[in-house]
Amino acid sequence: MSIWKNWETKAAFEAQKRPLSSLSKISLEGIDVKPLYTEADLEKYADNLNQLPGFYPFVRGPRATMYANRPWTIRQYAGFGSAKESNHFYHECLKAGQHGLSVAFDLPTHRGYDSDHPRVAGDVGKAGVAIDSVLDMKVLFDQIPLDKVSVSMTMNGAVLPILASFIVAAEESGVSQSQLSGTIQNDILKEFMVRNTYIYPPTESMRIVADIIEYITKNMAKFNSVSISGYHIHEAGADLALELGLTLADGLEYVRTALKRNLHIDDFAPNLSFFFATGMNFYMEIAKLRAARFLWAQLMKSFSPQNEQSLMLRTHCQTSGWSLTAQDPHNNIIRTTIEAMASVFGGTQSLHTNSFDEAMALPTPFSAKIARNTQLILQHETGIPNVIDPWAGSYFMENLTYELAEKARVILDRVEELGGMTKAIVQGIPKLWIEESAARRQAMIDGGEEVIVGVNRYQSKEQAHVDVLDIDNEQVRREQIARLKELKASRDEQKTQRALLALSQGAASHENLLALSIVAMRARASIGEVSEVLESVFGRYQSEVSTVTGIYRSAYVNEAELDNFSQEVDQFSQKEGRRPRIMIVKLGQDGHDRGAKVVATAFADLGFDVDVAPLFLTPAEAARHAIENDVHAIGVSTLAAGHKTLVPDLIKNLKEQGGEEIVVIVGGVIPLKDYEFLSRHGVAEIFGPGTPIIESAKKVLAAILKKS
């Protein structure tokens, strides 16, 4: 029976087909997304459409029954200041229905520094839990049954002492290594591209990854040795094809590294897992997870595994932190819900939902409860888990899945042409790809081409009051230093030093470094001591600073606005004899540099002379760097909650070193209640998330003129 009631209706539809083509949207990934899909759109993918979940290539999910048998694991990522506070929070989460734990460590821990190190005074306990030794790890998991609760740990730089201290803490609570379940991220390659919590150079870091895979394969059958992370690639600004391609390229590099240890593919591949971000491009995010499974199965098949589980891509997902806005923050509850649904429709195995206040500060217990309950409601009230891959057979979704896979395959091929991911990273190429993508998208947002409700469209005149969590950094640091003193006073110092010497010798030879680190942690070495021993052999890596140019300006739609501002910059240059010069800097151990790099790129395109300071400077070093480079302004980018300590210290050092005429501005995740504090300490301008860059550039130029 025809769907057309009469020929007039059909003719009217046919007449509308031509205008429909003009409604197509070219996505950031370069995919032509049409407003209407039909059976014809699946013709080229016909061979892929008669698949079932649980069967190669696993597009519809790695398990045959998926959520109809068991829903995804609710695994909220959290760490608060001290181990004691975090332990209390974990107990409350488990009581409230959370199934597994996911540990967020503070930045000094990530970078292998003990809490008493002078470089980390403003960072201790600020963006996660501070862990300095087995003593802290035992407090962190006190009364938590580690033989029953799986634990995911996001750790890459100081992965050896952290994993070793976790193993020792479990042993001393009566849980053997073989009983432990969970995941260690151990994904150092993405750190060199985006997150920057590396310690050692790429080659030596990959040796550590291989040692961990080898040790876990032989001793911890229930534990995942690598969580290959696309999350931070996404959050740094990569479009979804780039995120997917680079993440799978990382995974391929880890597989080849493990195979060089004479492990068989089936020995370790079933214990590899993935970690993807889920943003606001709803359909594309669903397609991304389906395409990821398809591509990974194909890649792994080339290694001739005998165990089908070696072909399965299993993933954890986290809703995007970058998509959260400080403006109208309660809108973030809706954003997180949409992103969580995309994760579930895409077939994730576990999920973290972000709290609505994370664009301003660490989540409060109140906001964390809403985030967790979002998942519980999806699991128990919607009926979504009852149907396995409900998008299967959709003209649109199937087409999008395979088109996105083709785009990601192009990225994979480019990395292969560069010699694999390690060589590509040494050349700095993937990092530039990501920065280009981030700059292009920021220009689209600033120009209004991409709408963000409450930011560049439908802005509210009222500011919502939101209570934010404030960690007493100084108190946490005092507690950590006291426990470090307790550790060193109670240990057998000769035994500790013998273990550290053995680790040093092992690093210079070919012994397994995780095995040696476990011995050191049993002997009560600290995280910093183990890291320092390895650093003495491997060195501490410092990345080269580079930025892209021309991308922001070419993608910004309002050329007249740019031209008008360029005239203001030209007038300044004529008056002062040089262009306005700004130094963009991250202070302390915060390596999340998407915002800093995008601002640097855009300001350069707007006519500023821009210096991008090296990462991980102290306030004193940043002040000296700014004075030596004769800048008019310093732009501090902050995401790690250390602004109340580090920024006043920077201003104090500028005055002491003779640079008091330099304007200091701050941008990033800063609670509104801290604005007055920063202004009182001498900050000229403060820019929260979502501030259009051209607006901030105008205010920076005005602040420079005011002080010149």
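Residues numbered from 1 in each chain as written. Predicted model: local features only at pLDDT ≥ 70, side-chain atom pairs only at ≥ 80, totals over all residues. Heavy atoms only, no water.

A. The arrangement of the sheet that holds strand β15 (residues 633-638) in detail. What the 5 strands build is an open sheet, ordered β14-β13-β15-β16-β17; its pairing is parallel. The sheet terminates laterally at β14 (609-612) and β17 (685-687), the two strands that pair on one side only. Neighbouring strand axes in the sheet, compared pairwise and without regard to direction, differ in orientation by 20° on average. As paired strands, strand β13 (residues 581-585) and β14 are joined by 4 bridges and run parallel to one another. Across the sheet, Met583 pairs through a bridge with Asp611, a residue of β14. (Pairing = 2+ DSSP bridges. Helix = DSSP H or I, 4+ residues; strand = E, 2+ residues; numbered from the N terminus. Axes fitted to C-alpha atoms, helices over the stretch in contact; angles between N-to-C directions.)

B. Representation of the pattern of salt bridges in the model. With the rule as written, the count across this model stands at 41 salt bridges. In this structure, Lys138 engages Glu172 in a salt bridge whose closest nitrogen and oxygen atoms are separated by 2.9 Å. You can see Lys138 sitting in helix α5 (residues 134-140) and its partner Glu172 sitting in helix α6 (residues 159-172), a full 34 residues away along the chain. A residue is classified by how much of its surface remains accessible, and Lys138, at 34% relative accessible area, is partly exposed. According to the relative accessible area criterion, Glu172 is partly exposed, its value standing at 39%. With a closest N to O distance of 3.0 Å, Asp611 and Arg581 form a salt bridge. (Salt bridge = Lys/Arg side-chain N within 4 Å of Asp/Glu carboxyl O. Buried < 20%, exposed > 50% of the residue type's maximum accessible area, 1.4 Å probe, protein only.)

C. Broad picture of the pairing of strand β11 (residues 315-319). Counted residue by residue, β11 has 5 buried out of 5 residues, so it is predominantly covered. Residues Thr315, Cys317 and Thr319 line one face of β11 and the alternating positions His316 and Gln318 line the opposite face, and both faces are buried. Where strand β10 (residues 272-278) and β11 come together, 5 bridges link them in parallel fashion. Among the inter-strand pairings, Phe274 is bridged to a residue of β11, identified as Thr315. Remark: the β10/helix α12 (residues 282-301)/β11 crossover connection has right-handed handedness. In this structure, β11 lies alongside strand β12 (residues 350-352), joined through 3 bridges in parallel fashion. Looking across to β12, one finds that Gln318 is bridged to His352. (Right-handed = clockwise from strand over helix to strand, strands pointing away.)

The analysis is restricted to geometry; functional conclusions fall outside its scope.
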